[in-house]
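Architecture and fold: a report
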Amino acid sequence: MANKMKIRAWIENDKTTVKAIIFHPMETGLRKDKKSGKPIPAHYITEVSCEHNGKSILKCMWGPGVSKNPFFSFRFAGAKPGDKLKISWVDNQGQAGSSESQIS
Amino acid sequence: MLNNRRTFLKAGMATGTLAIATGAGLLTPRSVLAAWPEKAFKTKKYPAALQALTGTDQLTDSDTIVVKAPDIAENGAVVSVTVTTSLPKVENISMFVPVNAFPLSASFDMSTTTDGFITGRIKMAKTSDVIAVVKADGKLYTAKKTVKVTLGGCGG
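Residues numbered from 1 in each chain as written. Chains lettered and ligands numbered in written order. Predicted model: local features only at pLDDT ≥ 70, side-chain atom pairs only at ≥ 80, totals over all residues.

**Some words on the overall build of chain B**
Here is the rule we go by: In this description a helix means any DSSP run of H or I spanning at least four residues, a strand means any run of E spanning at least two, and both kinds are numbered starting from the N terminus. Think of it as a crowd count around each C-beta: if 20 or more other C-beta atoms lie within 10 Å the residue is buried, if 12 or fewer it is exposed, and in between it is partly exposed, with C-beta placed from the backbone throughout. Contact definition: two residues whose C-beta atoms, as placed from backbone geometry, lie within 7 Å.
Looking only at helices and strands, chain B features 3 helices and 9 strands. When the helices and strands of chain B are read in sequence order from the N terminus, they spell out α-α-α-β-β-β-β-β-β-β-β-β. Here chain B, with 156 residues, has 38% of them falling under the buried criterion. In chain B, the proportion of contacts linking residues at least 24 apart, taken out of those at least 6 apart, comes to 65%.

**Quick notes on the overall build of chain A**
Each helix and strand in chain A was counted, giving 0 helices and 7 strands. Starting at the N terminus, the α and β elements of chain A follow one another as β-β-β-β-β-β-β. C-alpha atoms of chain A, sized along the principal axes, occupy 55 × 20 × 20 Å. Within chain A, residue pairs in contact and separated by at least 24 positions form 51% of the contacts whose partners lie at least 6 positions apart.

**A short note on the pairing of strand β4 (residues 55-62) of chain A**
Worth spelling out the cut-off: Strands qualify as paired when DSSP identifies two bridges or more between them.
Bridge count for strand β3 (residues 45-52) of chain A against β4(A) is 6 bridges, and the pairing is antiparallel. Across the sheet, the residue bridging to His52(A) is Lys55(A), located in β4(A). In this structure, the hairpin formed by β3(A) and β4(A) is closed by a connection of 2 residues, where Asn53(A) is found at a positive phi of approximately 50 degrees. Bridging between β4(A) and strand β6 (residues 104-110) of chain B involves 5 bridges; their strand directions are antiparallel. Bridge pairing in β6(B) places Lys59(A) opposite Asp109(B).

**Comments concerning the pairing of strand β2 (residues 15-22) of chain A**
All names here are of chain A. Burial along β2 is one-sided: the residues Thr16, Val18, Ala20 and Ile22 are buried and none of Lys15, Thr17, Lys19 and Ile21 is. Taking the residues that link successive antiparallel strands as the turn, the strand β1 (residues 5-12)-β2 hairpin has 2 residues, and the phi of Asn13 there is positive, at about 50 degrees. Direction of pairing for β2 relative to strand β5 (residues 71-77): antiparallel, over a ladder of 7 bridges. If you follow Lys15 over to β5, its bridge partner there is Ala77.

**Observations regarding the interface of chain B and chain A**
Selection rule: The classification used treats Ala, Val, Leu, Ile, Met, Phe, Trp, Tyr, Cys and Pro as nonpolar, Asp, Glu, Lys and Arg as charged, and all other residues, Gly among them, as polar.
Chain B puts 29 residues into the contact, and the matching count from chain A is 28 residues. Elements with a contribution of two residues or more to the side of chain B that touches chain A: β6 and β7 (114-122) of chain B. When residues in the side of chain B that touches chain A are grouped by element, the largest group, 8 residues, is from β7(B). Of the residues assigned to the side of chain B that touches chain A, the class counts are 16 nonpolar, 9 polar and 4 charged. Inspection of the sheet shows β5(A) paired to β7(B) by 4 bridges, in the antiparallel sense. Across the sheet, the residue bridging to Phe74(A) is Ile118(B), located in β7(B).

**Looking at the environment of Glu38(B)**
Topologically, Glu38(B) is positioned in helix α2 (residues 38-42). For the pair formed by Glu38(B) and Ala52(B), sequence separation is 14 residues and the distance between their alpha carbons is 9.2 Å.

**Structural notes on the sheet that holds β2(A)**
The condition that has to hold: Fitted lines through C-alpha atoms give the axes, limited to the stretch in contact for helices. The angle between two N-to-C directions lies from 0 to 180 degrees.
Within the open sheet, the 6 strands sit side by side as β1(A)-β2(A)-β5(A)-β7(B)-β4(B)-β2(B). Their pairing is antiparallel. One side of each edge strand has no neighbouring strand; the edge strands of this open sheet are β1 of chain A together with β2 (65-68) of chain B. Taking the axes of each pair of neighbouring strands and ignoring which way they run, one obtains an average angle of 15 degrees across the sheet. Bridging between β2(B) and strand β4 (residues 79-85) of chain B involves 4 bridges; their strand directions are antiparallel.

**Remarks on the nonpolar core**
Residues and elements named next belong to chain B. Using the following cut-off: Only buried Ala, Val, Leu, Ile, Met, Phe, Trp, Tyr and Cys residues enter a nonpolar core, and they are joined through C-beta atoms within 7 Å.
With 62 residues, the main nonpolar core has Val130 and Ala132 as its most contacted residues. Broken down by element, this core gets its largest block of residues, 6 residues, from strand β8 (residues 128-136). Other than its neighbours up to four places away in sequence, Ala132 contacts Ile65, Val67, Val83, Ile93, Met95, Thr142, Ala143 and Lys144.

These figures come from the coordinates and say nothing about function on their own.
Here you go:
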C-alpha cells in the first residue's frame with residue numbers, strides 16, 4: 001500500500017490539468033472492526049503538497065472526510081512540456097510518500 | 001470554604017488557558033499557519049469548524065462559484081465534488097459537509113498560478129448540502145449544493 005500514487009498531467013490551452021490519485025485507506029477512526037468490535041484507529045492523509053519545478057502550486061489539507069484512495073484534480077498556468085511535477089503527502093500516523101511525474 | 005476557593009481558582013485557570021490558546025490561534029497569520037489546521041478539522045459542528053478555519057463565519061453568497069456534485073449519490077463513501085469559481089485571486093477553496101462527524105472535509109490552498117478549479121472525492125454521512133467556501137482577495141464567498149445520499153459513507 002505504502003507510497004503508491006498515480007499522476008497524470010497534461011497541457012491544454014496553456015493550462016496544465018493535473019489528476020492524481022493516492023492509494024491510502026483514509027480511516028476516519030469512527031469505524032469498528034466487524035469481528036472484534038474494536039474501533040479501527042484513524043489513519044488519513046492530512047497534507048498534500050504539489051510542486052511544479054520546485055515551486056508550490058497547491059497545498060491540500062484533508063480531514064477524515066476525504067474518500068478512501070483520494071483522487072483530486074486541479075489546473076494551473078505557466079508550465080511547459082517536460083516540466084517536473086512533484087506530489088508529496090503526510091498522514092496522521094507520520095507516514096509519508098511522494099511521487100514525481102513529467103508534464104506532457 | 002477552602003475547597004470552594006480551590007475549585008474557583010482551578011476553573012479560572014482553565015478558562016484563562018483556553019482564552020490564550022484561542023487568542024493565539026486567531027492572531028497567527030494564515031500564511032504562518034501553513035501547518036495542518038487541526039482544530040478546524042476536529043471541530044464537530046459546521047459553523048464552529050468554519051470559524052476555526054477562517055476566523056469568521058461571515059460569508060457572502062456568490063454566483064461565481066459552481067459546486068458540481070451528483071444530485072443523488074448512491075454511495076456516500078465516494079462523492080465526487082468539483083468546485084469552480086471565476087473569482088480572481090483565489091487563495092483557498094474548502095469543502096464542508098455539515099452532517100458529517102467532522103464537517104470540514106478538505107481545504108485547498110491555491111497559489112497565484114492555480115486556477116479556481118478543484119475536484120475531490122469526499123465522504124458524506126447522509127443527505128446534506130455540500131458547502132464550498134472560497135477565499136479570494138481576502139474575502140470569503142460561498143455556494144452550496146444538496147446531495148441526496150442513499151448509503152452513508154462514514155462508517156457505522
